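Structure assessment
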Amino acid sequence: MGSAKKSSNTARQARIAEMRRAEEARERRNRILTIAVSAVVVAGLVAGGVVLVRSQSGDSDDAAASDDKSTGKFVAGEDGVRTWEGNLSRNHVTKKVTYPVEPPVGGDHNQVWMNCDGDVYTKPLNKENAVHSLEHGAVWVTYTSKAPKADVGKLAAKVKKTPYSLMSPVEGQKDPIMLTAWGHQRTVTGADDPNVDTFFEKFVQGEQTPEPGAACTNGLSQ
């Protein structure tokens, strides 16, 4: 009787030991799997970060500029707005783009947009990012060093309270103050020019918008 009890107890302990060994083996496998998955995730994040930084800065292994694939020309309207007649390409690119007009009114652009939720930038922008903002329906206010500081201040105040708009200096443009939307552009004489309000009313998320309702936040900011 005692021998049978002892044998049963030994068998039970053996089963427990086997279960413990199996559990320990399972835990080891899980740890190895977790480490492996974590390594893959970290590697992916690092690679993604590199791609994002390159895309945001416009850098690539090939540093040459890319000619915009857009075709057409500006046609001036009686209201003073110049409208692009032709095709405005919308490819995502990582290179710098050579645009036919300054500032650009559309064309190939970076996959990351500039934040345009009433954002005022005091330094020049990567045009490839700003063009993506135009695609989302933003109006881009640009100015040169010849623009009166008072006008720049008033326009900045207007932009700050207008979602789907942004502002930045563009020294290479032909006039001191210009307004740009996707496929449309005009010159204004100053912040009090009534054409400023007219342009905003028509083109902020206007009918010209290729991607209406697309975000103007969670993009790139200086």
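Let me begin by describing the structure that accompanies this report. Predicted model only: the values in this text are computed from it and were never measured.

1. Side note on the packing of aromatic side chains
Counted according to the given criterion, the structure contains 2 aromatic pairs. Between F74 and W84, the aromatic rings sit 5.5 Å apart at their centres with planes inclined by 80°, giving edge-to-face as the arrangement. Of this pair, F74 sits in strand 2 (residues 71–76) while W84 sits in strand 3 (residues 82–87), placing them 10 residues apart in sequence. The class for F74 is partly exposed, based on a relative accessible area of 23%. Classification of W84 by relative accessible area gives buried; the value is 11%. Relative to F203, the ring of F199 lies with its centre 4.6 Å away and its plane at 50°, an arrangement referred to as tilted. Taken together, the residues span about one helical turn, with F199 and F203 both in helix 4 (residues 194–203) at a distance of 4 residues. Taking the ring centre of F74 as reference, the NZ or CZ of R82 above it sits at 5.8 Å.

2. Some points on helix 2 (residues 127–135)
Counting buried residues along helix 2, 8 of its 9 residues qualify, which places the element largely inside the surrounding structure. Among the residues making up helix 2, those that are buried are E128, N129, A130, V131, H132, S133, L134 and E135.

3. Some words on the state of the cysteines
A disulfide bridge is the covalent bond that connects two cysteines by way of their sulfur atoms. This model, assessed by the stated rule, comprises 1 disulfide. What pairs with C116 in a disulfide is C216, and their sulfur atoms sit 1.6 Å apart. Here the disulfide of C116 and C216 is left-handed, its torsion about the S-S bond being about -90°. Placement of C116 in the loop between strand 4 (97–98) and strand 5 (117–120) and of C216 in the segment after helix 4 is noted, with a sequence separation of 100 residues between them. C216 matches C116 in its accessibility class, with the two residues each being buried.

4. Focus: the nonpolar core
Residues M114, L125, W140 and L166 are the most contacted members of the largest nonpolar core, which totals 23 residues. Counting residues per element, this core draws most heavily on helix 2, which supplies 3 residues. Those residues within four positions of M114 in sequence are excluded, and the remaining contacts are Y121, L125, N129, A130, S133, L166, C216, L220, S221 and Q222. Of all hydrophobic cores here, the second largest spans 19 residues; its members include Y143, L155, A156 and A181.

The rules behind the values
Residues numbered from 1 in each chain as written. Predicted model: local features only at pLDDT ≥ 70, side-chain atom pairs only at ≥ 80, totals over all residues. Heavy atoms only, no water. Phe/Tyr/Trp six-rings, centres within 6.5 Å; stacked < 30°, edge-to-face > 60°. Helix = DSSP H or I, 4+ residues; strand = E, 2+ residues; numbered from the N terminus. Buried < 20%, exposed > 50% of the residue type's maximum accessible area, 1.4 Å probe, protein only. Lys NZ or Arg CZ within 6 Å of the ring centre and 35° of its normal. Disulfide = S-S within 2.5 Å. Core = buried A, V, L, I, M, F, W, Y, C linked by side-chain atoms within 4.5 Å. Contact = heavy atoms within 4.5 Å.

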